[in-house]
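Listed below are the residues making up each chain.
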Amino acid sequence: TEIYTLSLHDALPISRELREFNTSGIIQNFQSFLKEGETARFSRYELFRIACILTTAEYCIETTQQLEEKLKQKMRTSAANFNMDAEKKLFADVIDASVGLLVQDLYAACEPALITITKTNWQNVEAVGDQSGFISAITSQWKATVPTLRDFLSTSRKYFVLLCQQFAKLFMTKFVSTLYKCRNISKLGAQQLLLDTQSLKAALLDLPSMGLTVKRKPPDKYSKIIVNELGRTEMILKVVMSPVEQVSSFVELTCRLVSDCSHDDLAKILDMKGYKRTEQVQFIEEFRLRAPTVTSSRNGDDITETSAESSRIKKLEKLLKKRT
């Protein structure tokens, strides 16, 4: 049996050919799937194509890793200096683009319902009842789309979970920013929004197993993200529904319920309560006396992760803006 060996010099032409592979064309094709208009959605077939590209790229990464290991085994020298990280990154970029487009499509289904939040007169809410119509509209879209995406990514469970995680972060960011745009929210209005937020939290926690007969417990990391973000939103709404008897007591309550509150957060809360900027000065001054320094991160040990995820959300938001 003849034994073949491969040197680093022999392997370089293969590496160069793979390095010349460019994902820009593939990603550009992804973008061409988009339709014109603010509420454009992918068809079921287009979602299937994107999922196929994602799972193929995942297979290519695994195969490239195996190829790298085999090449190293056959090299006479300099095996330690050889890797195919750049080639694997090309396929990872395709996966990121695919997940981003699936997230974008799922968010597009929710956007019309979110717009109704700012168009609702929360000052004139007369009674707190069941969840608002926008919550029902959003969860209906999830029930119609998420099981399909899970089926398409049945061989790539980890990327389906990643899809849910990235979507939840983007959606919660948009939801909270939408709440901040509401003005003159009454006590009953804030109570209704609090109930809606709790319904939304339950639906997001159920998102990865939505449509399944046997429910699966969501990953701990995913659950933590939902509970922390919407738990904080619940506290903000509790502050909004609280009466202002004294400036000092209201600021104290705000600092107690929203432990990482900044003066910008306080200003947004006062906007929601209907206070003009000139009326907010005394609240801000009182807050600065009580909290002269405010940490920029909610959890010191998650600064790096928060920064990375923030960057991902910004990329997704840029994709969404291209469609308007």
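Definitions and limits used
Residues numbered from 1 in each chain as written. Predicted model: local features only at pLDDT ≥ 70, side-chain atom pairs only at ≥ 80, totals over all residues. Heavy atoms only, no water. Salt bridge = Lys/Arg side-chain N within 4 Å of Asp/Glu carboxyl O. Helix = DSSP H or I, 4+ residues; strand = E, 2+ residues; numbered from the N terminus. Buried < 20%, exposed > 50% of the residue type's maximum accessible area, 1.4 Å probe, protein only. Axes fitted to C-alpha atoms, helices over the stretch in contact; angles between N-to-C directions. Parallel < 35°, antiparallel > 145°, perpendicular 65-115°, else oblique. Left-handed = near helix turned anticlockwise from the far one by under 90°. Contact = heavy atoms within 4.5 Å. pLDDT = per-residue confidence, 0-100.

Colleague: Requested: an account of the pattern of salt bridges, with residues and values cited.
Modeller: In total, this model carries 13 salt bridges according to the counting rule given. Of the charged contacts, one joins Glu-68 and Lys-88 as a salt bridge, the two residues approaching to 3.1 Å between their closest N and O atoms. Highlighted residues: Glu-68 in helix H3 (residues 44–74) and Lys-88 in helix H4 (residues 85–119), separated in sequence by 20 residues. Per residue, the accessibility class of Glu-68 equals that of Lys-88, and both read buried. Here Glu-286 and Arg-290 are joined by a salt bridge, their closest N and O atoms 3.0 Å apart. Placement of the pair is Glu-286 and Arg-290 together in helix H11 (residues 277–290), with a separation of 4 residues, close to one helical turn. Taken together, the shared-partner salt bridges connect Glu-68, Lys-72, Asp-85 and Lys-88 into one network.

Colleague: Residue-level account of the packing of helix H8 (residues 220–240) against helix H9 (residues 247–257), with values.
Modeller: With their axes 9 Å apart at the nearest point, H8 and H9 run at an angle of 165 degrees to one another. With respect to their mutual orientation, H8 and H9 come out roughly antiparallel. In this structure, H8 meets H9 at a crossing whose hand is right-handed. The residues of H9 that touch H8, namely those facing Met-235, Lys-238 and Val-239, are Phe-250, Thr-254 and Leu-257.

Colleague: How would you summarise the environment of Ala-57 if you had to cite specific residues and measurements?
Modeller: Checked against the element boundaries, Ala-57 lands in helix H3. Judged by relative accessible area, which is 4%, Ala-57 ranks as buried. Note: C-alpha distance between Ala-57 and Asp-93 (36 residues apart in sequence) is 9.0 Å. Setting aside chain neighbours within four positions, we find Ala-57 in contact with Phe-91, Val-94 and Ile-95.

Colleague: Give me the confidence of the model for the protein: which residues, what numbers.
Modeller: Taken over all residues, the pLDDT of the protein has a mean of 83, while the share at 70 or more is 76%. Here residues 1–21 is a poorly scored stretch, pLDDT under 50, and it has 29 contacts once near neighbours within four places are set aside; other chains count. Segment residues 293–306: pLDDT under 50, and 12 contacts once partners within four positions in sequence are set aside and those in other chains are kept.

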